[in-house]
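Each chain, written out:
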Amino acid sequence: PLEDVTLEEEVDLQRLYLEIESVRYPKRLRVDIRIPDGLMKQHVPALILQPLVENAIKYGVSRTARPVHVTISAAQDASNLVLSVTDDGEAVEVGHQGGNGIGLTNVRDRLEARYRSAARLDTQSVDGGGFIATLTLPLSHRIEQ
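Reading the values: the criteria
- Numbering of residues starts from 1 in each chain and follows the order in which that chain's sequence is written.
- At least 70 in pLDDT is required for a residue's local features to be given in this predicted model, at least 80 for side-chain atom pairs to be given and counted, and no such filter applies to totals for whole chains, interfaces and linings, which use all residues.
- Side-chain descriptors were evaluated using all non-hydrogen atoms of the structure, hydrogens and water having been removed beforehand.
- The way it works is that DSSP assigns letters per residue, a run of H or I at least four long becomes a helix, a run of E at least two long becomes a strand, and they are numbered from the N terminus.
- Each residue is assigned to one of three classes by its accessible area relative to the maximum for its type, calculated with a 1.4 Å probe on protein chains only: buried under 20%, partly exposed between the two thresholds, exposed over 50%.
- Any two residues having at least one pair of non-hydrogen atoms within 4.5 Å are treated as being in contact.
- Only the protein chains shown count as cover for residues, and all accessible areas are computed by the Shrake-Rupley method using a 1.4 Å probe.
- DSSP bridges decide pairing: two strands pair if at least two such bridges lie between them.
- Each axis is a line fitted through C-alpha atoms, and for a helix only the stretch in contact is used; angles between axes span 0 to 180 degrees, taken between their N-to-C directions.
- Here the nonpolar core consists of buried residues drawn from Ala, Val, Leu, Ile, Met, Phe, Trp, Tyr and Cys, with membership extended through side-chain atoms lying within 4.5 Å.

### Topic: the overall build of the chain
So, step 1. Along the chain, the regular secondary structure elements total 4 helices and 7 strands.
So, step 2. If you line up the chain on its principal axes, its C-alpha atoms span 45 × 30 × 25 Å.
So, step 3. Sorting the 145 residues of the chain into buried and exposed places 43% on the buried side.
So, step 4. For the chain, restricting intrachain contacts to residue pairs at least 6 apart in sequence, the fraction spanning at least 24 positions comes to 73%.
So, step 5. A total accessible area of about 7,900 Å² is found for the chain, and carbon and sulfur atoms account for 50% of it.

Listed below in C-alpha cells is the structure:
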C-alpha cells in the first residue's frame with residue numbers, strides 16, 4: 001500500500017476481491033466496472049479502493065437478501081481523476097457508514113499524506129438506499145485523446 005500502481009492494476013485487484021465475494025453472495029452481488037481505457041494508465045495509491053469496495057460489500061450486499069449492484073467508475077474532471085464506488089444496497093445511517101469508520105478514515109489519512117489538500121474522499125448515503133464514495137485525485141499524467 002505504500003506504492004503507486006496503475007488504475008488498471010488497482011481495478012484488477014478489486015475484480016479478484018469481488019470474485020471471491022461473489023462466491024459468498026452469488027445471488028446478491030452484481031458488479032459493474034465503468035472505466036474509460038484512457039484512464040487505466042493513471043497512477044493511484046495501491047489498495048486505495050479496497051476499503052471502499054469492502055464497505056459496499058459489508059454495508060450494501062451483506063445486509064439484504066435482494067441483488068445489490070456495486071459499481072466502480074472513473075472519470076476525468078479538469079486535472080483530476082475521479083473514482084467512485086457506489087452500491088444500491090440498504091439505507092444506512094449517515095453516522096454509521098457516512099465517513100466515521102476506520103477504513104474511510106485510513107483512506108482520508110493516506111490521501112492527506114500523499115496529496116495534501118489536492119485530493120479528497122467524499123461520501124454520501126443515498127435516499128432510499130445505497131452509498132457513494134468518491135475519490136478525487138490529481139491526474140498522474142496527461143491523458144491521450
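Anyway, onward from the coordinates.
### Some words on unusual backbone geometry
Backbone phi values are negative for most residues with the exception of glycine, while trans is the configuration of most peptide bonds.
So, step 1. Positive phi, normally seen in glycine, also occurs at leucine 47, with a value near 65 degrees.
So, step 2. You can call leucine 47 partly exposed: its relative accessible area is 31%.
So, step 3. Even without a glycine there, the phi angle at arginine 116 is positive, about 60 degrees.
So, step 4. Among the structural elements, arginine 116 can be located in the loop between α4 (102–115) and β6 (120–125).

### Quick look at the sheet that holds strand β7 (residues 131–138)
So, step 1. Pairing is mixed in the open sheet, where 5 strands are placed in the order β2-β4-β5-β7-β6. At either end of the open sheet lies a strand with only one pairing partner, and these are β2 (29–34) and β6. The mean angle between the axes of side-by-side strands here comes to 15 degrees, regardless of whether they run parallel or antiparallel.
So, step 2. Packed on one face of the sheet, helix α1 (residues 7–24) meets β2, β4 (68–77) and β5 (80–87) and runs near 170 degrees to β2.

### Some thoughts on the nonpolar core
So, step 1. Among the nonpolar cores identified, the biggest contains 36 residues, and Leu7, Leu52, Leu83, Leu111 and Leu135 are the most heavily contacted of them.
So, step 2. Of all the elements in the fold, those that place two or more residues in this core are α1, α2 (50–61), β4, β5, α4 and β7.
So, step 3. Of the residues forming this core, the biggest block, 5 residues, is contributed by α2.
So, step 4. Here leucine 111 is in contact with Ile48, Arg116, Ala119, Arg120, Leu121, Leu135 and Leu137, once residues within four sequence places are set aside.

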